[in-house]
Amino acid sequence: MAYHTTIYLFVFLPIVMVIYQITKKSRRLLVLLASSYFFYFSFSQFLLFYLLFSTVIIYFGGLGLSRINRKYLTSLPSHEDKKQLKQTTRRKKKCVLMGIILFHVIGIIIYKYRLFLSDNINTIFTQLTINSSISYVRMMIPLGISFFSLQAISYIVDIYFGKIEAEKRLSKVALYLAFFPTVMEGPITKYDEISDQITAGENISYKNLTNGAKRIIWGMFKKIVIADRAYIFVAMIFGNLATYTGVFIIVGTLLYTLQLYAEFSGSIDIVIGTAEIFGIKLPENFKRPFFSRSVAEFWRRWHISLGRWLKDYIFYPVSLSKTVKKISKFFKGKISKILVRMIASLVALFFVWLANGLWHGPRWSYIFYGMYYFALISAALLFEPVIVKLLKKIGVRRDAPYWKAFQWLRTFILVNIGMLIFRADGLKASYTLFINIFTNFDLSVLWNGQILQIGLDIYDFWVLGIGMVILIFVSKLQEDGMKIREKINSWWWLYRVLFYYGAILAIIIFGAYGSGYRIVELIYAGF
Amino acid sequence: MKKIINNSWSKSIMFIMGILSILLLFSSVFTPPEAALHNGVEKQNLGAIFAEKKNSLEVLFLGDSESYAGFSPLQLWESHGIVSFNCGASSSKVRETYFNLRNVLEEQTPKVIVFETNQIFSKENLMTSLQRELEGIVSKHLPILNYHNHWKNFTGHKVVGKNGEIKADYLKGWRFNDRVKPYSGGNYMRQTEDKEAIQRGEGYYLGLIVKLAKQKNIEIIFVSAPSAKNWTMRKHNRMEAFAAKEGYKYLDLNLSTEQLGIDWKTDTFDEGDHINASGANKVTSYFGNWLKANYTLADYREDLAFVQWNIDLEKCKKTNVCP
């Protein structure tokens, strides 16, 4: 029952909407919670208990932290005892916090990294000629474990640092973790940004319903028409390493970038549209990433909620930690001042990108993918002053259009190399693909018909091309500040209706679904 | 009247009625002519087996990807002159195999069905089954959902001809894959007396397949292709009991991997989930000998009516995609 399926859009969602609307305002939270658990159960069956367990742990953990705080504030010891009490309080709070974080990290390791770890241990055994091996135990992975675990950690850390108060209603914490539109693919929300909205129990208004539906239609267009069509070509290229070289790999990588963006941002559109129907405004997860002129900017616009989480819960804690401060102090006077200032950022960035790679899954290529971006962003940080000086010296204006175009192209190429690493089936495969780009490089395959022998005919390429133009056009309008849905709402009703019919028909006719097409599961649901 | 039109609910209902009318209208334009259909299914989508000569096949392989990865009809032809076809379909369920078999048996009269057992234990949850049923019902009433891809016809590029041309498959349903991604998890057939359960839906359609085969007097052989990631002793025990109860033979190749010469370091392309071309060569070779020893199947290699099979074998060797 993924977000783009008929059963979600035409059965599950309408039923939830009807029950929600006819229920008393104060009980609507429970309707959303029950629907969320039903949604979760339909995927993960009894692994729902893991989600429930996580909910109970952060709920009581949060209350526990509050209690420890209250106890500290209400006791009035002498000055000496106060110091002692402060330390004891801090230690107790830390114990609760670390216990909850460890529970979620161990949960992720057991469910997601078990095979990866046993595989690597077996490889080491083989290398050392140890005649022993760890057997695989196949287990289902709880749906969205990587998403709701991060939300759970953010909830408890925010209480620890006093940013939010511990929630007294269990149902509210439960819905925060399990909310069906976000539990599968995010966006990873913070408790304080949606807690009031999910309990408000707003009526489903005509405005919210139509605006949500528009966002869902746009998401479906991206997923079904663009992403699932691009998938056909991408799967052939990345699935047959020995067969395709040169231009084929370049086209395959570009189409994968298109597929991943259209699919992930498309499903987030469906998610945000769904929440909007219930009057809940979720944070955006994408902000036209392919308009970026640097890799760092790209990551501020791509999977924004993950980036924000990593910044808040890894970057800042690491860069402000005592150990990092000690390292910076150690280098003071030994290396240049600029470098000393950068040490904290670089160490924190290393952990951010390591976590980013690991978060995506149990593969060396994901870890390498994280390190690739760590290297690029660190290099940009380190060389920025040199480049500024150099550009000044050779008279290149940083706001000149040609320089901006160069920056855009450079970023686009670097991001696509990252996509190749990300999509390839392992590190060795990404290396082979990268090297093979320079083998049999023949541009004529683009017009001699060979490119049309890989699952997509000329009409499919036309659909992809037009879809991409629409995507760029809409993105440009949004980048220029236009609120597209409001603009459409201002049209004469007949134009509006014809536009919606056209959009729905375009998805039905040009969608890559049904016979002759494979069902393409949501990529990020697998993370 | 104006009040009704401005009402939100009325507007929503009118909008939905409008889109349904448009879809019905477009459905009539997109649906192919009768001649291109077979039992309501577009011929082109039935699969390459419908390009084979009528009543020419003696052995049919059924199942999911474990079937089409493991058993090569062209190798059986080369070694024993057996005419077979592999109808395995990716991630397919027993229900789909049943309906596919019904269609195939209208054109073919096989003596033996080789049923690869992996799909019998596929676990499809209720929502996925509902999704399939729902899509079936909706597309029956709105055929544009089935034939939407025919927009290409209007550009002059014919997706399907009037009589529904079906492209033949010279590999006869087997799929070539020579990638290597080793399995290193050790023994996966640990002794146990337990039996894996067969889900109700899968059991129901399996029963229908057995009934259909008995009606048509076709022998069924249940075979489990080597799959370190999918197969277990619990599944073996269930299949052994089921085959014995129905009076059919059951061959579990997971128990004979050493005899077959399966090396999990070189004979799998996805860490033990499926075997690759090298593994298929070993499996087909072993299974071909076993089949020949246990059943009376004719050798058609010298029969002029089957000359196309030799041409296909040549092509397979030329393109270097034989197991």
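Above this note sits the structure.
Below is a summary of the structure that appears in this document. All values derive from a computational prediction rather than experimental measurement. (Residues numbered from 1 in each chain as written. Chains lettered and ligands numbered in written order. Predicted model: local features only at pLDDT ≥ 70, side-chain atom pairs only at ≥ 80, totals over all residues. Heavy atoms only, no water.)

## Remarks on the interface of chain B and chain A
Facing 37 residues of chain B, the contacting portion of chain A comprises 36 residues. At the boundary of chain B with chain A, total buried surface from both sides reaches about 3300 Å², with 60% on carbon and sulfur atoms. Remark: the boundary between chain B and chain A carries three salt bridges. Note that A:Asp460 is salt-bridged to B:Lys152, the shortest N-O span being 3.0 Å. For the pair chain B and chain A, the interface holds twelve residue pairs in polar contact (both at pLDDT 80 or more). Mapped by element, the contributors of at least two residues to the side of chain B that touches chain A are α2 (8–30), α6 (126–141) and α7 (144–147) of chain B. Broken down by element, the residue count for the side of chain B that touches chain A peaks at eleven residues, all from α2(B). (Contact = heavy atoms within 4.5 Å. Buried area = accessible area lost by both parts, 1.4 Å probe. Salt bridge = Lys/Arg side-chain N within 4 Å of Asp/Glu carboxyl O. Polar contact = N/O pair within 3.5 Å; in protein donor to acceptor, adjacent residues only side chain to side chain. Helix = DSSP H or I, 4+ residues; strand = E, 2+ residues; numbered from the N terminus.)

## Description of the pattern of salt bridges
Tallied over the entire structure, the rule returns 32 salt bridges over all chains. Close ionic contact of A:Asp269 with A:Lys222 constitutes a salt bridge, the shortest N to O distance being 2.8 Å. Of the two residues, A:Asp269 is situated in helix α9 (residues 246–277) and A:Lys222 in helix α8 (residues 206–239); the sequence distance between them amounts to 47 residues. Across the pair A:Arg301 and A:Glu297 runs a salt bridge, and its minimum N-O distance is 3.0 Å. Here the residue A:Arg301 and the residue A:Glu297 both occupy positions in helix α10 (residues 295–301), the gap between them amounting to four residues, near one helical turn. The exposure classification of A:Arg301 matches that of A:Glu297, with both residues buried. What you see here is one network of salt bridges that share partners, running through A:Arg363, A:Asp425, B:Lys181, B:Lys229 and B:Glu271. (Buried < 20%, exposed > 50% of the residue type's maximum accessible area, 1.4 Å probe, protein only.)

## Focus on the pairing of strand β7 (residues 249–252) of chain B
The two faces of a sheet get side chains in turn, since along a regular strand they alternate between them. Where strand β6 (residues 219–224) of chain B and β7(B) come together, four bridges link them in parallel fashion. Looking across to β7(B), one finds that B:Phe222 is bridged to B:Tyr250. (Pairing = 2+ DSSP bridges.)

## Section: the side chain of B:Thr97
Within the secondary structure, B:Thr97 is located in helix α5 (residues 94–104). In contact with B:Thr97, other than residues within four places in its own chain, are B:Leu62, B:Gly63, B:Ser92, B:Phe115, B:Gln119 and B:Ile209.

## Describing unusual backbone geometry
Residue A:Pro187 is bonded to the preceding A:Gly186 through a cis peptide linkage, with omega at 0°. Of note, A:Pro187 is situated in the loop between α6 (170–178) and α7 (191–200). The backbone of A:Asn440 shows a phi angle near 45°, a positive value even though the residue is not glycine. Note that A:Asn440 resides in the loop between α16 (427–437) and α17 (458–479). Despite not being glycine, B:Asn55 shows a phi value in the positive range, around 50°. One can find B:Asn55 in the loop between β2 (41–42) and β3 (59–62).

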